[in-house]
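Fold and geometry: a report
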Amino acid sequence: MPSKSLSREAIEKARVFCRDEYQDYVIYSELAKRERNPRLREILERLAREEYEHYVFWMNIIGEDCRGNISNWKIRLIALSRRILGLTFTLKLLEMHEDEVIEEYKKYLDNLEGEERKRLEEIIEEESTHENSLISSIDEAVVRYLSFIALGLADAIVEISGVHAGFLGATKTTLVSGVAGLIVGVSAAFAMAGAAYLQAKANLAGEGKIRSPGVSAAATGLSYITSVVLLALPYFLTNHQFTAFAISIMTAVVIVSLFTFYNSVISESNFRREAVENLGILFGTAFIAYLFGDVIGAIFGLQGIL
């Protein structure tokens, strides 16, 4: 029993904490069962053990079990996220609410005394430092090469959207715009891949993470070409220039938003601020390129030629 009489509100809060810790324990346990990598499985098992100990603590505080049913679909979605997006992203996504939880735990300290208070202080320490340390030690390949993937995606989206916007003012033929985007994009992809190779070779231990020059080049080049193809595709599916451009820009917005969210979870940065900044660069570049293409088209009379 707790060393201090708890109010009904305090008991209800403890019950919520208890359910959350039990849910985290089940999720980490299920991920550990599915994990094939022994080192990563060990990390997941350690996280599960910690969450179970936290669950037991809160269960003792309220004096009864607090287990609730956890949706199998939720566990399957989390397992799918781990398979597609990586373990680091999945765990950091699950831990995104931890700052709020830690603050709630700190407020709850006033309700406890003696050993219970001391144990909650230890749990706060585990939640704020130990778990983050374990997750950061995973060191997945996708995280090591994230900067090169970002380089390929960002440069391709800005450059190819600019090319398409420029041709929007220079020609009414979607085929010309689409082919131009592919030519510029594929050529630039090889150039960027080469630059990434040299960058990785010059700094094999950047940020404490060993990167292969070949993999760095491949990550940059493939992400670049993938973006180029997706952005150029609408120009081969419609004969209407503005429709193709609108679809291409919407595709660019989706790619930028999704990758920005992924990166913000991995790096624990502000998604909204980064999304606004990245989309601002995208639309600003497209607008300037459109004006430039419109002027060049009018000066040389390209609208009637292309």
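Just above, that's the structure.
A brief structural summary. All of these numbers come straight from a predicted model, not from anything done at the bench.

On to the overall build of the protein chain, then. Looking only at helices and strands, the protein chain features 12 helices and 0 strands. Secondary structure of the protein chain in N-to-C order comes out as α-α-α-α-α-α-α-α-α-α-α-α. Taking contacts inside the protein chain between residues at least 6 apart in sequence as the whole, the part at least 24 apart equals 77%.

Attention shifts here to the layout of surface pockets. Rolling a probe over the atoms, with the probe sized like a water molecule, indicates the empty space that remains. Empty space within the largest pocket amounts to approximately 420 Å³. Taken together, 19 residues form the lining of the largest pocket, with Lys92, Glu95, Met96, Asp99 and Glu268 sitting closest to its centre. Listing elements by their share of the lining of the largest pocket, those giving two or more residues are α5 (98-108), α6 (114-136) and α11 (241-267). With 5 residues, α6 is the largest single contributor of residues to the lining of the largest pocket.

Our focus in this paragraph is the nonpolar core. Formed by 24 residues in total, the largest nonpolar core has its most connected members in Phe57, Trp58, Ile61, Tyr105, Tyr108, Leu112 and Leu120. Of all the secondary structure elements, the ones that give two or more residues to this core are α1 (8-34), α2 (38-62), α5 and α6. The element best represented in this core is α1, accounting for 6 residues. One finds Leu146, Ile255, Phe259 and Leu279 within the second-largest nonpolar core, a separate group that totals 22 residues.

Topologically, Val143 is positioned in helix α7 (residues 141-144). When the C-alpha positions of Val143 and Ile266 are compared, they lie 7.8 Å apart, and in sequence the two are 123 residues distant.

What follows is about the packing of aromatic side chains. Applying the stated criterion to the full structure yields 13 aromatic pairs. Where Tyr52 meets Tyr55, the ring centres are 5.4 Å apart and the plane angle is 55°; that geometry is what we call tilted. Placement of both Tyr52 and Tyr55 in helix α2 is noted, with a separation of 3 residues, approximately one turn of the helix. With a relative accessible area of 33%, Tyr52 lands in the partly exposed category. Consider the rings of Trp58 and Tyr105, whose centres lie 5.2 Å apart with planes at 45°: the pair is tilted. Placement of the pair is Trp58 in helix α2 and Tyr105 in helix α5, with a sequence separation of 47 residues. Residues Trp58 and Tyr105 agree in their burial class; the two are buried. Across the ring face of Trp73, the terminal group of Arg76 is positioned such that the distance to the ring centre comes to 5.2 Å.

As a further point, take a nonpolar patch on the surface. Residues Leu77, Leu80, Ile84 and Leu85 make up a contiguous nonpolar surface patch of roughly 380 Å² in combined accessible area. Note on Ile84: relative accessible area 61%, which makes it exposed.

A complete count under the given rule lists 1 disulfide for this structure. Across the disulfide from Cys18 sits Cys66; the S-S distance is 1.8 Å. Given an S-S torsion of about -65°, the disulfide between Cys18 and Cys66 has left-handed geometry. Of this pair, Cys18 sits in helix α1 while Cys66 sits in the loop between α2 and α3 (72-85), and the two are 48 residues apart along the sequence. Assessed through its relative accessible area of 0%, Cys18 is described here as buried. Here Cys66 falls in the buried class, since its relative accessible area comes to 4%.

Applying the stated criterion to the full structure yields 12 salt bridges. Ionic pairing is found between Asp65 and Arg67, a salt bridge with its closest N-O pair at 3.4 Å. As a salt-bridge pair, Glu104 and Lys107 come within 3.9 Å of each other at their nearest N and O atoms. With a gap of 3 residues between them, Glu104 and Lys107 both fall in helix α5, about one helical turn apart. Judged by its relative accessible area of 30%, Glu104 is partly exposed. Look at the salt bridges and you will find they share partners, linking Glu53, Arg119, Glu122 and Glu126 into a network.

Attention shifts here to empty space enclosed by the protein. One pass over the full model with this rule turns up 1 cavity of 30 Å³ or more. Quantified by volume, the largest cavity comes out at close to 60 Å³. Secondary structure elements with two or more residues in the lining of the largest cavity: α1 and α5. Element by element, the count of residues in the lining of the largest cavity is highest for α1, at 4 residues. Of the residues that constitute the lining of the largest cavity, the class distribution is 3 nonpolar, 1 polar and 5 charged.

Thresholds, definitions, all that
- Residues numbered from 1 in each chain as written.
- Predicted model: local features only at pLDDT ≥ 70, side-chain atom pairs only at ≥ 80, totals over all residues.
- Heavy atoms only, no water.
- Helix = DSSP H or I, 4+ residues; strand = E, 2+ residues; numbered from the N terminus.
- Contact = heavy atoms within 4.5 Å.
- 1 Å grid on protein atoms, 1.4 Å probe; cavity = no way out; pocket = protein on both sides within 12 Å on 5 of 7 lines; lining within 4 Å.
- Points joined across faces, edges and corners; volume = space filled by probe spheres on them.
- Core = buried A, V, L, I, M, F, W, Y, C linked by side-chain atoms within 4.5 Å.
- Buried < 20%, exposed > 50% of the residue type's maximum accessible area, 1.4 Å probe, protein only.
- Phe/Tyr/Trp six-rings, centres within 6.5 Å; stacked < 30°, edge-to-face > 60°.
- Lys NZ or Arg CZ within 6 Å of the ring centre and 35° of its normal.
- Patch = residues over 30% accessible without salt bridge, like charges linked within 9 Å, V, L, I, M, F, W, Y side chains within 5 Å.
- Areas by Shrake-Rupley, 256 points an atom, 1.4 Å probe, with all protein chains shown as cover.
- Salt bridge = Lys/Arg side-chain N within 4 Å of Asp/Glu carboxyl O.
- Disulfide = S-S within 2.5 Å.
- Nonpolar A, V, L, I, M, F, W, Y, C, P; charged D, E, K, R; others polar.

Such coordinate-based values are descriptive only and should not be taken to indicate function.
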